[in-house]
Amino acid sequence: MMEDSPAMSAAPVPAPTAIVPRRLVVESAAMMIEGNALADVSLGGWMYGPALGAAPVIVIVGGITASPFPFGDGGAAGGHEAWWPALRAPDLIDPERATILCPCWPGNGSTWRAFDDPAQPPPAISVSGLADLVAAWLDGIGCTAPVTFVGSSLGGMVGIAFAARHAARCARLVTISAGVRPDGWGTATRHVQRELVRDGLARGDVATGMIRARQLGMLTYRGRDELDTRFGALTPGLAAPPVAAYLDHHGRRFAERFPVRTFLLLSEAIDRGALGSDPDAIRAALDRVTAEVIVIGVPGDMLFPWALQVELHRGLQAVGGTSSLWKLDSVFGHDAFLADQDRLADVLRGAHAFGGEAPITRRRFEGVGVQPVREIRIGLVGCGVVGGGLLEMIETQRAAIAERYGVRFRVSRIAVRDVAKDRGARAAGIPRTDRPLELVSDPEVDVIVEVAGGEVMEPVLRAALAAGKPVVTANKVLLASKLADLGVLATRTETPLYCEAAAAAALPVIRHLAHRADEIESLMGIVNGTCNYVLTRLEQDELPLAQAVAEAQSLGFAEADPSADLDGIDAAAKLSILAYRAFGVWVRPDGFPVRGIRELDPADCDLAETMGFRIRLIARAARIATADGAVRGLIDLAVEPLLLPDWHLLASVEEEYNAVYLKCASSGDLSLFGKGAGALPTATAVLGDLIDLAQDNSVGWPEPQLIPVATHAAPRRYYLRVTAEPNAGLARRVDSLIRRIGLTVQNRAARGAGQAQHLGFLVSSATAAEIAEVEVAVRRLGRVQELLVLGVAE
């Protein structure tokens, strides 16, 4: 080994932050690399930071065209600029605390006899051979300690081969935009590039061949979205498309600076692979890796697609290796590790890639691998009760969610009507706007979470879905009228639309319906926590309706204007959503019967309980067969207070709790139970949707089916409550009227209340027309003050 110090008198004065690397060269008379006998070998490279043995060692290897100066040459080698400046930081790669080694590619700082002889083709060296050259250089300079190997693109492939072939030398591997093998599309592209160069060599016009090869490469290095946004298309009046100047610049610069034979050797090395093409050979090679491996990929990478990083990660996990997989979201495609360095730096920080001392060789992890933690940035529309609850849940569940699902949620921006209003300590410091549409176009927002409510939010949700930005919403008012339209838009744009919080708060009923394997025959549910709380107070405390509502308002279970709850409108909106997910049928709340609980009196609860029933506001939906037996002929939907037998599962649901009861074709009866009102239960549903999003667990919304709604209720038993002045013969006369119509009284109960008496009757199964006839007859009786008729659920 020999160390070359730069001539300081000839070098420019470095900037305050510049660092000057030292050149390290290893000479060898002969070397065998993958069956190629190399003579008079000179392997070069550069070193930043402390001398070997004084600090942990980090090896950096870039792509084909990368110089060995990731942090610049400080004037030591002609003024090479830094190509990875963002990674030079105290918590990342710090030349003050680590020895940084950067080997040179063959022909670009390393060489051997006849390397530049045009009469001899470059030796057939694969990525594994390049890894062996790196290992030989490290041996020659006296680097014996296990290293952290950081490689991008080709350098990442070399790192994988190095970790497999020289396992004891590699303690940690960070591979960026690489894979265990090349894919067919990338191989074909590189073949065309090499043919362009060889054609130039044959014609004596090497520069043009290199220019065209580089131009083709630039189209694979960058993402389609970036090229489209940055350059656009050829328009009238232009002699060439805007991208032409960009391609010409990079092509000429490449031809002027890069050695032809180096390009051909390295390009072929990629396509010859790192660990072989046989799956068994690759698995055996990965089984030799003992390093902790951090795999980073870019979803839009065309040269080394995201699937190759997943393949590497899963392959390491399969053999018991310690691996974590990280996603670098960027419009820059393969070149994101250069063009989006700040974001790459954030990913490396999240992975603790360089935390503390360089890792030592560690015991292999016998399990499924290390779960990566990635961040999803939320644009929050609305920051009231539910929005504040979501901020609380994100904070309190942060560690558990990261451990369980490998994701971290962060609200990056908030849209509210009043930006000056205090939203609590958890919202302090989060940027705010009063224009929610801004969140849709904000690149720092990954998902729109809408908890503001109201139909005014429709443009925001439509814009997000049209732009491909996922939506999580609790807006049942909007969904009650527009879910079918929004669902179809989400499906057509392949954008997730989640709305668990709009149906039954903490109950994961939408999630169950979306992911079911069975067919739903019918559903019944208590989906309004306000009404259920009020009915519980009528039952247990015999409070008048108005007083029970006031108590619910004081506890935060009812709005200042509870009309939507008491009149069944809220439950109807939720039923529309549930029926759409359960049956694929879209019916707005004004398309089926809806009845609230305003007519109920504490006496009704008492009479029902005496006869073995309890009253609940029930949202129900079921498929019913038509006369010709077609199962999908009609859909029966309604919201109404019903008497439930006291043994029925829904009859025992009290206070603000919700429950949904499903009858399934194959799995039988299923039920879900939980809180249906309050900030945290609703926020829990929103957070559950976000977790589904993080796991890519989304189910498209179906095209709405055109199935008519049944216009007549099926025969059923009924409850009649007759309130009248005290009269000893009234019960007998009502019983007689019911018998004349062909029905019978199956049970009865009575309750006195001062100057009035309440009589309850359980009537045998009757049609809607028959019970209507009973109503008319009873109202004609003298002294009758009120009459209430409710259906009975079996």
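Residues numbered from 1 in each chain as written. Predicted model: local features only at pLDDT ≥ 70, side-chain atom pairs only at ≥ 80, totals over all residues. Heavy atoms only, no water.

Engineer: Would you mind showing me how to read helix α6 (residues 243-257) here?
Structural biologist: Note: α-helices contain 3.6 residues per turn, so residues at a spacing of three or four share the same orientation. Between its first and last C-alpha, α6 extends 22 Å over 15 residues, near the 21 Å set by a 1.5 Å rise per residue. For α6, the set of buried residues is Val 243, Tyr 246, Leu 247, His 250, Gly 251 and Phe 254. The buried side chains of α6 occupy one side of the element, clustering within an arc of 120° when seen end-on. Across from the buried face of α6, at angles greater than 90 degrees, the exposed residues are Ala 245 and Glu 256. (Helix = DSSP H or I, 4+ residues; strand = E, 2+ residues; numbered from the N terminus. Expected span 1.5 Å × (residues − 1). Buried < 20%, exposed > 50% of the residue type's maximum accessible area, 1.4 Å probe, protein only. Arc of directions from axis to C-beta.)

Engineer: How should the sheet that holds strand β11 (residues 407-415) be read in this particular structure?
Structural biologist: Within a sheet, each strand pairs with its neighbour through backbone hydrogen bonds, oriented either parallel or antiparallel. An order of β12-β11-β10-β13-β14-β15 is seen for the 6 strands of this open sheet, with the pairing classed as parallel. This sheet does not close on itself; its edge strands, each paired only once, are β12 (432-433) and β15 (497-498). Pairing analysis gives 2 bridges linking β11 to β12, with the strands arranged parallel. Considered in β12, the bridge of Ala 415 is made with Thr 433. Where helix α12 (residues 385-396) meets the sheet, it contacts β10 (374-381), β11 and β13 (447-450), and its direction lies at approximately 165° from that of β10. Strands β13, β14 (471-473) and β15 of the sheet are contacted by helix α15 (residues 458-466), whose axis makes an angle of about 150° with β14. (Pairing = 2+ DSSP bridges. Contact = heavy atoms within 4.5 Å. Axes fitted to C-alpha atoms, helices over the stretch in contact; angles between N-to-C directions.)

Engineer: Looking at this structure, I do not really get the pairing of strand β23 (residues 756-766). What am I missing?
Structural biologist: Walk down a regular strand and you will see the side chains alternate between the two sheet faces. Counting buried positions over the 11 residues of β23 gives 10, a clear majority of the element. Across 8 bridges, the pairing between strand β21 (residues 716-724) and β23 is antiparallel. Directly across from Ala 724, in β23, lies its bridge partner Gln 757.

Engineer: I would appreciate a short explanation of the packing of aromatic side chains in the present structure.
Structural biologist: For any pair of aromatic rings, the description rests on two quantities: the centre-to-centre distance and the angle between the ring planes. Taken as a whole, this structure holds 10 aromatic pairs when the rule is applied. Three or more aromatic residues joined by ring pairs form one cluster here, namely Trp 83, Trp 84 and Phe 337. Arg 537 extends its terminal NZ or CZ atom over the ring of Tyr 533, reaching a point 5.1 Å from the ring centre. Across from the ring centre of Trp 701, 3.8 Å away, lies the NZ or CZ of Arg 581, which sits over that ring. (Phe/Tyr/Trp six-rings, centres within 6.5 Å; stacked < 30°, edge-to-face > 60°. Lys NZ or Arg CZ within 6 Å of the ring centre and 35° of its normal.)

Engineer: Would you mind showing me how to read the side chain of Asp 565 here?
Structural biologist: Examined against the element boundaries, Asp 565 turns out to sit in helix α21 (residues 563-566). Beyond its immediate sequence surroundings of up to four residues, Asp 565 is in contact with Asn 528, Thr 530, Cys 531, Glu 559, Asp 570 and Leu 617.

Engineer: Help me out: how do you make sense of the side chain of Ser 330 in this one?
Structural biologist: Mapping Ser 330 onto the fold places it in the loop between β9 (323-327) and α10 (336-339). Reaching out from Ser 330, the side chain makes a polar contact with the backbone nitrogen of Phe 332 at a distance of 3.1 Å. Here the side chain of Ser 330 touches Asp 340 through a polar contact of 2.7 Å, side chain to side chain. Setting aside chain neighbours within four positions, we find Ser 330 in contact with Val 298, Ala 336, Asp 340 and Arg 343. (Polar contact = N/O pair within 3.5 Å; in protein donor to acceptor, adjacent residues only side chain to side chain.)

Engineer: Would you mind going over the pattern of salt bridges with me for this structure?
Structural biologist: Opposite charge on two side chains makes pairing possible when the charged atoms of those side chains draw close. This model, assessed by the stated rule, comprises 50 salt bridges. Measuring nitrogen to oxygen at the nearest pair gives 2.8 Å for the salt bridge that ties Glu 444 to Arg 377. Of the two residues, Glu 444 is situated in the loop between α14 (437-441) and β13 and Arg 377 in strand β10; the sequence distance between them amounts to 67 residues. One salt bridge in this structure joins Asp 570 and Lys 574, with 3.0 Å as the shortest N-O distance. Linking Asp 570 with Lys 574, this pair stays in helix α22 (residues 569-583), spanning 4 residues, or about one helical turn. The same class applies to Asp 570 and to Lys 574, which are both buried. (Salt bridge = Lys/Arg side-chain N within 4 Å of Asp/Glu carboxyl O.)

Engineer: In this structure, what is going on with the pairing of strand β20 (residues 668-675)? I would like to understand it.
Structural biologist: As paired elements, strand β19 (residues 657-664) and β20 share 8 bridges and run antiparallel to each other. Bridge pairing in β20 places Leu 662 opposite Leu 670. The antiparallel hairpin formed by β19 and β20 contains 3 residues in its connecting segment.

Engineer: How should I be thinking about helix α8 (residues 279-287) in this particular structure?
Structural biologist: Residues Ile 282, Ala 285 and Leu 286 constitute the buried set of α8. In an axial view of α8, the angular spread of the buried residues amounts to 95°, which keeps them on one side of the axis. Buried positions along α8 lie against α2 (154-165) and α9 (306-318).

Engineer: Quick question: what am I supposed to make of unusual backbone geometry here?
Structural biologist: Glycine aside, a negative phi is what most residues show, and trans is what most peptide bonds show. We note that Glu 34 has phi near 50°; this positive angle belongs to a residue other than glycine. As for its position among the elements, Glu 34 is in the loop between β2 (22-33) and β3 (36-48). A residue is classified by how much of its surface remains accessible, and Glu 34, at 35% relative accessible area, is partly exposed.

Engineer: What should I look at first to understand the confidence of the model for the protein chain in this one?
Structural biologist: Low-confidence regions, as indicated by low pLDDT, have predicted coordinates that should not be scrutinised in detail. Considering every residue of the protein chain, the mean pLDDT works out to 86; 92% of them sit at 70 or more. Residue range residues 356-371 is modelled with pLDDT below 50. Its contacts to residues more than four positions away, or to other chains, number 37 contacts. (pLDDT = per-residue confidence, 0-100.)

Engineer: Mind showing me how you'd approach the packing of α12 against helix α24 (residues 679-694) here?
Structural biologist: Between two packed helices, the angle of one axis relative to the other and the distance separating the axes together describe the packing. Where α12 contacts α24, the two axes come as close as 8 Å, and the packing angle between them is 60°. The way α12 lies across α24 gives a crossing that is right-handed. Facing α12, whose interface residues are Val 385, Val 386, Gly 389, Leu 390, Glu 392, Met 393 and Ile 394, α24 presents Ala 679, Leu 680, Thr 682, Ala 683, Thr 684, Val 686, Leu 687 and Leu 690. A per-class count over the contact of α12 with α24 returns 11 nonpolar, 3 polar and 1 charged. (Left-handed = near helix turned anticlockwise from the far one by under 90°. Nonpolar A, V, L, I, M, F, W, Y, C, P; charged D, E, K, R; others polar.)

Engineer: Can you walk me through the nonpolar core in this structure?
Structural biologist: A general feature of soluble globular proteins is that nonpolar side chains tend to end up buried together. If you look at the biggest cluster of nonpolar residues, it comprises 85 residues, and the most contacted ones within it are Phe 583 and Ile 597. Among the elements that line this core, the one with the most residues is α22, at 9 residues. Excluding anything up to four places from it in sequence, Phe 583 contacts Ile 520, Glu 521, Ser 522, Leu 523, Ala 621, Ala 622, Arg 623, Ile 635 and Gln 705. If you look at the next biggest cluster of nonpolar residues, it comprises 75 residues, including Leu 38, Trp 112, Ala 213 and Phe 304. (Core = buried A, V, L, I, M, F, W, Y, C linked by side-chain atoms within 4.5 Å.)

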